Amino acid sequence: VAPNVTAGGLTKGWVGRDWVRILRHGLRQDGTAATMPAMDYQQLSDQEISDIAAYIGSFPAVDRPTPEGAAGPIFKMLVATGQF
């Protein structure tokens with residue numbers, strides 16, 4: 001299950017530096033690591049990050065719980081073998 005990144009979910013109250021931190025460095029606001037391939041986004045320009053934030057911000061805020069996700073056997077195998 002993908003996280004709710006609308007303004008009613010994980011990105012509620014985010015400002016520019018929060019978008020830079022998550023996209024370029026893979027870090028949440030509290031400094032903990034996010035499960036995302038940040039290395040794929042390190043080269044984004046400031047304009048591109050701003051565009052992504054504006055695009056996601058253009059969606060209506062969704063304020064409801066996100067169902068819990070479950071890791072299947074393939075994901076668990078990838079993590080266990082260091083491939084994820």
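Here the structure is shown first, and the text comes after it.
These numbers come from a predicted model, not from an experiment.

This part takes up the overall build of the protein. The number of helices and strands found in the protein is three helices and zero strands. Starting at the N terminus and ending at the C terminus, the protein contains elements arranged as α-α-α. Based on the C-alpha atoms only, the size of the protein along its principal axes is roughly 35 × 35 × 20 Å. In the protein, which comprises 84 residues, the share counted as buried stands at 20%.

Right, let's get into the layout of surface pockets. The computed volume of the largest pocket comes to approximately 780 Å³. For the lining of the largest pocket, the elements supplying multiple residues, two or more each, are helix H1 (16–25) and helix H2 (46–57). Top element by residues in the lining of the largest pocket is H1. It accounts for three residues. Class assignment for the residues of the lining of the largest pocket results in 17 nonpolar, five polar and two charged.

Next up on the list: the nonpolar core. If you look at the biggest cluster of nonpolar residues, it comprises nine residues: Trp-14, Trp-19, Ile-22, Leu-23, Ala-34, Leu-44, Ile-49, Ala-53 and Ile-56. Looking at this core, the elements with two or more residues in it are H1 and H2. Ala-34 has contacts with Ile-22, Gly-26 and Arg-28, leaving out every residue within four places of it along the chain.

Our focus in this paragraph is the pattern of salt bridges. In this structure the tally under the stated criterion is two salt bridges. Note that Arg-21 is salt-bridged to Asp-18, the shortest N-O span being 3.0 Å. Within this pair, Arg-21 and its partner Asp-18 are both found in helix H1, separated by three residues, close to a single helical turn. Linking Arg-24 and Asp-46 is a salt bridge whose minimum nitrogen-to-oxygen distance equals 2.7 Å. Taken together, the residues span a long stretch of sequence, with Arg-24 in helix H1 and Asp-46 in helix H2 at a distance of 22 residues. A relative accessible area of 17% places Arg-24 in the buried class. A relative accessible area of 56% places Asp-46 in the exposed class.

The next subject is the environment of Thr-66. When you line up the elements, Thr-66 lands in the loop between H2 and helix H3 (73–80). Those residues in contact with Thr-66, other than ones at most four positions away along the chain, are Val-1, Ala-2 and Asn-4.

Conventions adopted
- Residues numbered from 1 in each chain as written.
- Predicted model: local features only at pLDDT ≥ 70, side-chain atom pairs only at ≥ 80, totals over all residues.
- Heavy atoms only, no water.
- Helix = DSSP H or I, 4+ residues; strand = E, 2+ residues; numbered from the N terminus.
- Buried < 20%, exposed > 50% of the residue type's maximum accessible area, 1.4 Å probe, protein only.
- 1 Å grid on protein atoms, 1.4 Å probe; cavity = no way out; pocket = protein on both sides within 12 Å on 5 of 7 lines; lining within 4 Å.
- Points joined across faces, edges and corners; volume = space filled by probe spheres on them.
- Nonpolar A, V, L, I, M, F, W, Y, C, P; charged D, E, K, R; others polar.
- Core = buried A, V, L, I, M, F, W, Y, C linked by side-chain atoms within 4.5 Å.
- Contact = heavy atoms within 4.5 Å.
- Salt bridge = Lys/Arg side-chain N within 4 Å of Asp/Glu carboxyl O.

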